[in-house]
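Spelled out from the first residue to the last, the chains are:
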Amino acid sequence: MSTHTTAPPKTRPPGTPETTGMDAPTKDGVGSSARRPDGVPKVTGDFAYSSDLWAEGMLWGATVRSPHPRARIVSIDISKALALPGVWAVLTHEDVPGRKTYGLELPDQPVLAWDQVRYEGEAVVIIAAEHPETARRAADRVTIVYEELDPITDPEAALEVGTDALHPGGNLVRHVPIRSGDQDATADVVVTGDYATRMQDQAFLGPESGLAVPDGEGGVDLYVATQWMHVDLGQLAGSLGLTEDRVRITLAGVGGAFGAREDLSMQIHCCMLALHTNRPVKMMYSREESFYGHVHRHPARMHYEHGATKAGDLVYVKAKIVLDGGAYASSSTAVVSNAACFAAGPYNVPNTTIDGYVAYTNNPPCGAMRGFGSVQVCFAYESQMDKLADALGMDPVDLRIRNAMTTGSRLPTGQKVEGPAPVKELLESIRAMPLPPATPAGPLDLTRYPGGVSNTTHGEGVRRGIGYGVGFKNIAYSEGFDDYSTARVKLWVSGGEPIVEVHTAAAEVGQGIVTVQMQIARTELGVDQVVVLPADTQVGSAGSTSASRQTSMTGGAVRRACIAVRMRVLQKVVGTLTDDPGDLSLNGGKIVSDSLGMTLDLAEVIGAGSFEETYEYHHRKTSPLDPETGQGDAHVAFAFSAHRAVCDVDLELGLVKVVELATAQDVGKAINPQAVEGQIEGGSAQGLGLAVMEEIQIKDGKIMNPSFTDYLIPTILDMPPMQIDIMELGDPDSEYGVKGVGEPPAISSTPAIVAALRDASGKPLARIPVRPDDFLDFISSGDD
Amino acid sequence: MEFFRPASLAEALEIKAAHPGGIPIAGGTDLMVEINFDKRRPEVLIDLTVCPELQEWSRSNGTIRIGSGVSYSRLIAELAGELPGLAIASRTVGSPQIRNRGTLGGNLGTASPAGDGVPPLVAVGAEVEVASTNGARTLPVAEFITGVKKNALAGDELIVAVHVPVAKGPQQFSKIGTRNAMVIAVATFSIALDLESRTVGTALGSSSPRPLRAHDAEEFIAAELDWAEHTPVPANVAERFGELVAGVATPIDDVRGTAAYRRHALGVMAKRTLTWTWDEAGRLGAPAEWKGPRS
Ligand SMILES: Cc1cc2nc3c(=O)[nH]c(=O)nc-3n(C[C@H](O)[C@H](O)[C@H](O)COP(=O)(O)OP(=O)(O)OC[C@H]3O[C@@H](n4cnc5c(N)ncnc54)[C@H](O)[C@@H]3O)c2cc1C
């Protein structure tokens, strides 16, 4: 099934819909660029997002948040807010019915703060009122007296002995040491570097929102935009003091996620207000509030030392990585594990000394974001590889290829890479792609220059650079976690036509998992009509829409459930058509005997009955990392990608134009090639953002730019055309050979772009996002 | 909240006189953001978008009178030939959606130091026409803006129009932003050559609380340029011009950029735009043959 098809590079925009080598004659089945059902409604504005939810008689929720990054709460006075007409509830920590804290890994975050606040924007009081404006006015009338404390905002300082502990266990959330090989190894050529990445925001377009509807019997239904309903459910029921069967969650229209919806935001608050008032309650964050309402990408400080032989073979890598976890743990323990495990990059490194730390501070909490710990270290190790190539006088791509991981290579954790690891092939592919033309000929086209239509250069000061980056990351959850997925598939006949119903709890966050489920059902059952039911908690967990795992995990579950249904249908006709079920297949609404060339009508065979199967798909077992040596088979599988960036820099103004991105990625199998391209382009854009503009600027624990006015994400004029080589090398360990697609592009694009900027400017550019000042010698860019 | 939608300027002025605290709304691209951010809660909103007098522009005696409600898209489409500096600046504003809605009147109403419509007006000595039921008055744009987000409008007045002299030579506008579109200016520079009077007008944006002219730079360069022969600007002269421009700026450090960078960038933009305008003047021939800029 899995074939090695290295497609020739494709240039955007993609041409006609393509099919891969798979023999999938069913229309819109696996391997086709089937149209997504939400595509047109999203473009025309008809799609109902969670912020569009509405219920008869609903109230509006609002949140009172701490203006201080660190303070003791002296008193909370809600009386004036309660007195406002139209206000139905003003709740504090005292009103939390169950567990007063929550969290993905450690329940360390208060549902509503009581004795202290640890970050600016922490929720203290929640309000329900008849009108959102009334709720906001009531929020203004809540009087909270704080005693401000000096915030701890430097993660390294937070870890020093003597620094105040922000949590009972101290400020170290987790330390992941990894030791492999000879700890005293020495090398001919040594390069060191200090690198920093800043806080990136997921910048989804649909702010946190949901609607809670009390069921009148003490239970509640929550409609919400989230990434993993079942993990929400556990935390929600715990804090509401309800058994899980009395809380039902249904996925509402999600306007992007990128990791920011893994943690709870308004879920508990909204349900508390609904249960308290016995009315439906809607909550919807504003854009500014959203910046305080979800976790961000961990800023990192990374010290690296690479040693290599004169010939260019890596001898050792030493890395110390310090992540700023912010005020609460969120998924920090897993993020730092990734950062440590992948710290040496997709290379064979015999000796490693790696330490990953994540600290509590009074900065905004950090957690999951596309790339999850791999992004920060990829910037550092790829910067190091370029530095090493320079020190060795070698071509940077040759150096990478020389040390490239292959199938059978071992990570610093000792884990053997078992699936395809085409690091060399990816690099060779992008290196061979044609370069964009040097200088645009013809009339002045400002959009081609750094600064764009802002008209800052007509070519003056502009120099071009080329850079490469390659990266990798784990697929699915690691360290012994069993993030299985459940699918229920039912086949029956309606109006004379066979119809398939697929039910999973997989969160469609825009990536296309609904379409993928439809494609798989069509291919496996040979039926055109497939209905994917709304995702909710009435079916088993699908795990999170995270870690590039949903197509392989939920896709795998749907496929297995379909196969189970197919077996039962075929059992029914064994003996009529043939005695060998292996001779039978389902195609185009028919049961086909391949040897006899005879068909039976599927609808007739099904008749008035139905076939239903549920399948729980588990990935291979993984194990924890040894707490002292970091050794262990912690990961399920790995996905690789490489980027080449061509950038123009205006050396006098420090402005940048990314001219082109070329990328190659092994996706195992492209279930939907167009969706794969979408993921690659989108992920690359997010990586571009981190390289050159995206930063939540924080000063003394406070966010300085909580708006899209000043938190800049790339526009269409910043995002260049791409050449994309989608490799389908087929992972033997997954259904269809699928590998995750979503995260790798956000990992390798950033270092490639920064390398191109260095190539153009000769500047060290050790901190991202790169700022204009970084290109100008005479301006000190201030902090690190 | 009370909402008015006057059908004429006269009606608008009456409403404004009756409600001096009433807030006019044109494209709403600044005001709605402020309302959404809960920075303003207007009691009275006066929608000016259907006052016909504000949606028109006209020409007389070498001056274009632009109604305050004319959008950036129209400035670009209809006036790029006669007011090239303003048109170039308009192209840098926001996105197509913002340029379709946003107006010059709104830019002056907001009076943000980062307003991109303002420097091209200041560089050519444009005037603002404001009116109340008691009559109209005009004042230079540079005086109209009195501080950060402050203007000289009285409580009963509305911005009616801007009077901008038709270009008498090449004009340029350059804007620094850390993204290649849809970005608030980190710093901007406007330049306008007057080939008839052999003078140069300049203005700096996002570089001080109020829009600034670089008078010393203007005088220096007017004296240095070889108006008769149009020989290229010597590098050291362009450099000096840039220094003089950067020297008048009083920029700040903020989330968008550092003061040091802003000052530096102003010098570079001044140098480059000077060269572009001067080269264009050279290509177009002597002042006598000046037929107006290409659109
Ligand atoms: C996404 C986005 C991008 C933007 N990009 C830019 C940019 O690149 N450059 C830039 O300069 N600006 C930009 N802006 C700001 C804004 O678009 C401009 O300032 C625009 O000119 C405002 O015009 P408006 O008609 O929308 O004003 P409105 O929002 O309607 O009004 C703005 C202010 O002026 C007052 N006002 C309006 N008309 C009158 C009148 N006739 N008399 C008296 N007062 C009046 C209003 O009361 C209000 O205080 C951007 C805004 C957004 C939302």
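Residues numbered from 1 in each chain as written. Chains lettered and ligands numbered in written order. Predicted model: local features only at pLDDT ≥ 70, side-chain atom pairs only at ≥ 80, totals over all residues. Heavy atoms only, no water.

1. Structural notes on the overall build of chain B
Here's step 1: Each helix and strand in chain B was counted, giving 11 helices and 13 strands.
Here's step 2: A compact globule built from 295 residues would reach a C-alpha radius of gyration of about 19 Å, and chain B, at 19 Å, matches this within 12%.
Here's step 3: Principal-axis analysis of the C-alpha atoms gives chain B an extent of 60 × 45 × 30 Å.
Here's step 4: Burial analysis of chain B (295 residues in total) assigns 55% to the buried set.
Here's step 5: Contacts in chain B between residues far apart in sequence, at least 24 positions, make up 61% of those at least 6 positions apart.
Here's step 6: With the model as given, the accessible surface of chain B reaches about 11,900 Å², and the carbon-plus-sulfur share is 52%.
Here's step 7: Between the mean site of the 29 positive side-chain charges and the mean site of the 33 negative ones, chain B shows a separation of 6 Å. (Helix = DSSP H or I, 4+ residues; strand = E, 2+ residues; numbered from the N terminus. Rg over C-alpha atoms; globule rule 2.2 N^0.38 Å. Buried < 20%, exposed > 50% of the residue type's maximum accessible area, 1.4 Å probe, protein only. Contact = heavy atoms within 4.5 Å. Areas by Shrake-Rupley, 256 points an atom, 1.4 Å probe, with all protein chains shown as cover. Lys, Arg positive; Asp, Glu negative; His and termini not counted. Charge placed at Lys NZ, Arg CZ, Asp CG, Glu CD.)

2. Side note on the sheet that holds strand S25 (residues 529–532) of chain A
Residue and element names in this part refer to chain A.
Here's step 1: What the four strands build is an open sheet, ordered S25-S24-S23-S29; its pairing is mixed. Both outer strands of the open sheet, S25 and strand S29 (610–617), are each paired with one neighbouring strand and no more. With strand direction ignored, the average angle separating the axes of adjacent strands in the sheet is 20°.
Here's step 2: The sheet contact formed by strand S23 (residues 485–494) and strand S24 (residues 497–504) spans eight bridges and is antiparallel. The partner of Leu491 across the bridge, within S24, is Val500. (Pairing = 2+ DSSP bridges. Axes fitted to C-alpha atoms, helices over the stretch in contact; angles between N-to-C directions.)

3. Section: the packing of aromatic side chains
Here's step 1: Using the criterion set out here, one finds 15 aromatic pairs over all chains in the structure.
Here's step 2: Relative to Phe241 of chain B, the ring of Phe189 of chain B lies with its centre 6.2 Å away and its plane at 75°, an arrangement referred to as edge-to-face. One end of the pair, Phe189 of chain B, is in strand S12 (residues 187–194); the other, Phe241 of chain B, is in helix H10 (residues 235–248), and 52 residues separate them in sequence. Assigned by exposure class, Phe189 of chain B and Phe241 of chain B land together as buried.
Here's step 3: Cluster of aromatic residues (ring-pair linked, three or more members): Phe342, Phe472, Phe638 and Phe640 of chain A.
Here's step 4: The ring of Tyr285 of chain A has Arg65 of chain A sitting right over it, with the charged end atom 4.8 Å from the ring centre. (Phe/Tyr/Trp six-rings, centres within 6.5 Å; stacked < 30°, edge-to-face > 60°. Lys NZ or Arg CZ within 6 Å of the ring centre and 35° of its normal.)

4. Things to note about the environment of Thr629 of chain A
Residue and element names in this part refer to chain A.
Here's step 1: Turning to its location among the elements, Thr629 is positioned in the loop between S29 and strand S30 (637–650).
Here's step 2: Each C-alpha atom of the pair Thr629 and Thr413 lies 8.0 Å from the other, and the pair is 216 residues apart in sequence.
Here's step 3: Each residue touching Thr629, except ones within four places of it in the same chain, is listed here: Pro177, Ile178 and Arg179.

5. Concerning the state of the cysteines
Here's step 1: Taken as a whole, this structure holds zero disulfides over all chains when the rule is applied.
Here's step 2: Here Cys366 of chain A is not disulfide-linked; the sulfur of Cys378 of chain A is the nearest cysteine sulfur, at 19 Å. (Disulfide = S-S within 2.5 Å.)

6. As for the confidence of the model for chain B
Here's step 1: Model confidence for chain B is summarised by a mean pLDDT of 95, while 96% of its residues fall at 70 or above.
Here's step 2: If you check the scores for this complex, the pTM reads 0.96 and the ipTM reads 0.95. (pLDDT = per-residue confidence, 0-100.)

7. Here we look at the packing of helix H15 (residues 673–692) of chain A against helix H16 (residues 744–761) of chain A
Helix-helix packing is described using two parameters, namely the angle between the two axes and the distance between the axes.
Residue and element names in this part refer to chain A.
Here's step 1: Packing of H15 against H16 brings their axes to within 7 Å, and their N-to-C directions diverge by 45°. The angle between H15 and H16 falls in the class oblique. Every pair of crossing elements has a handedness; the one defined by H15 and H16 is right-handed. Only Pro745, Ala746, Ser749, Thr750, Ile753, Val754 and Leu757 of H16 make contact with H15, whose side of the interface consists of Gln679, Ile680, Gly683, Ser684, Gly687, Leu688, Leu690, Ala691 and Val692.
Here's step 2: A per-class count over the contact of H15 with H16 returns 10 nonpolar, six polar and no charged. (Parallel < 35°, antiparallel > 145°, perpendicular 65-115°, else oblique. Left-handed = near helix turned anticlockwise from the far one by under 90°. Nonpolar A, V, L, I, M, F, W, Y, C, P; charged D, E, K, R; others polar.)

8. So, the domain arrangement of chain A
All names here are of chain A.
Here's step 1: Domain parsing of chain A yields domain 1 (2–30 + 484–618), domain 2 (50–149 + 208–284) and domain 3 (300–478 + 624–775).
Here's step 2: Listed per partner, the contact involves 19 residues of domain 2 and 23 residues of domain 3.
Here's step 3: Buried area between domain 2 and domain 3, summed over both chains or domains, comes out near 1,700 Å², and the portion from carbon and sulfur atoms is 51%.
Here's step 4: A per-residue breakdown of the area domain 2 buries against domain 3 is headed by Glu105, Glu120 and Phe258, which together make up 32% of the total.
Here's step 5: Where domain 2 meets domain 3, there are zero salt bridges.
Here's step 6: The interface formed by domain 2 and domain 3 includes 11 residue pairs in polar contact (both at pLDDT 80 or more).
Here's step 7: Class assignment of the residues belonging to the side of domain 2 that touches domain 3 gives a composition of nine nonpolar, two polar and eight charged. (Domains from an automatic or database assignment. Buried area = accessible area lost by both parts, 1.4 Å probe. Salt bridge = Lys/Arg side-chain N within 4 Å of Asp/Glu carboxyl O. Polar contact = N/O pair within 3.5 Å; in protein donor to acceptor, adjacent residues only side chain to side chain.)

9. Notes on the site of the ligand
All names here are of chain B.
Here's step 1: In the vicinity of the ligand there are 34 residues, among which Pro24, Thr29, Asp30, Tyr72 and Thr103 approach most closely.
Here's step 2: In this structure, Gly27 approaches the ligand through a main-chain N or O atom, which is 2.7 Å from an oxygen atom.
Here's step 3: Gly94 places a main-chain nitrogen or oxygen 2.9 Å from an oxygen atom of the ligand.
Here's step 4: About the coverage of the ligand: the protein hides 89% of its 960 Å² of free accessible area.
Here's step 5: Breaking the shell around the ligand down by element, the ones donating at least two residues are strand S2 (23–25), helix H2 (31–36), helix H5 (96–101), helix H6 (104–110) and strand S10 (158–165).
Here's step 6: Top element by residues in the shell around the ligand is H6. It accounts for four residues.
Here's step 7: Tallied by class, residues from the shell around the ligand come to 16 nonpolar, 13 polar and five charged. (Near = heavy atom within 4 Å.)

10. Points about the interface of chain A and chain B
Here's step 1: In this complex, chain A contributes 39 residues to the contact, which on the side of chain B involves 30 residues.
Here's step 2: Overall, the association of chain A and chain B removes approximately 2,900 Å² of surface from exposure, summing both partners, and the carbon and sulfur fraction of that is 53%.
Here's step 3: The largest contributions to the chain A side of the interface with chain B come from Ser454, Asn455 and Leu653 of chain A, which together make up 17% of the buried area.
Here's step 4: Where chain A packs against chain B, one counts six salt bridges.

11. So, the nonpolar core
Here's step 1: Residues Tyr304, Ile321, Phe640, Ile753 and Leu757 of chain A are the most contacted members of the largest nonpolar core, which totals 104 residues.
Here's step 2: By size, the runner-up hydrophobic cluster in this structure holds 80 residues, among which are Leu59, Met553, Ala557 and Ala561 of chain A. (Core = buried A, V, L, I, M, F, W, Y, C linked by side-chain atoms within 4.5 Å.)

12. Describing the sheet that holds strand S11 (residues 171–176) of chain B
Residue and element names in this part refer to chain B.
Here's step 1: With antiparallel pairing, three strands are arranged side by side in an open sheet as S11-S12-S13. Strand pairing shows two members of the sheet lacking a second neighbour, S11 and strand S13 (199–205), which therefore form its edges. Going across the sheet, the axis of each strand differs from the next one's by a mean of 10°, ignoring polarity.
Here's step 2: Strand direction decides the pairing type here: S12 and S13, joined by seven bridges, are antiparallel. When the bridges of S13 are listed, Ala192 appears paired with Gly201.
Here's step 3: Each of S11, S12 and S13 is contacted by helix H11 (residues 259–284), which is oriented at about 30° to S12, the strand it contacts most.

13. Observations concerning the domain arrangement of chain B
Residues and elements named next belong to chain B.
Here's step 1: Assigned domains of chain B: these are domain 1 (53–165) and domain 2 (171–282).
Here's step 2: Using C-alpha coordinates to define each centre, domain 1 is positioned 21 Å away from domain 2.
Here's step 3: Of the residues lining the interface, 26 residues belong to domain 1; the matching set on domain 2 comes to 21 residues.
Here's step 4: Interface area for domain 1 against domain 2, summed over the two sides, is near 1,800 Å², with a carbon-plus-sulfur share of 63%.
Here's step 5: For domain 1, the biggest contributors to the area lost against domain 2 are Pro113, Pro119 and Ala123; these three give 25% of the whole.
Here's step 6: Seen at the junction of domain 1 and domain 2, the total is one salt bridge.
Here's step 7: Counting the contacts that link domain 1 with domain 2 gives seven residue pairs in polar contact (both at pLDDT 80 or more).
Here's step 8: Of the residues in the side of domain 1 that touches domain 2, the class split is 17 nonpolar, seven polar and two charged.

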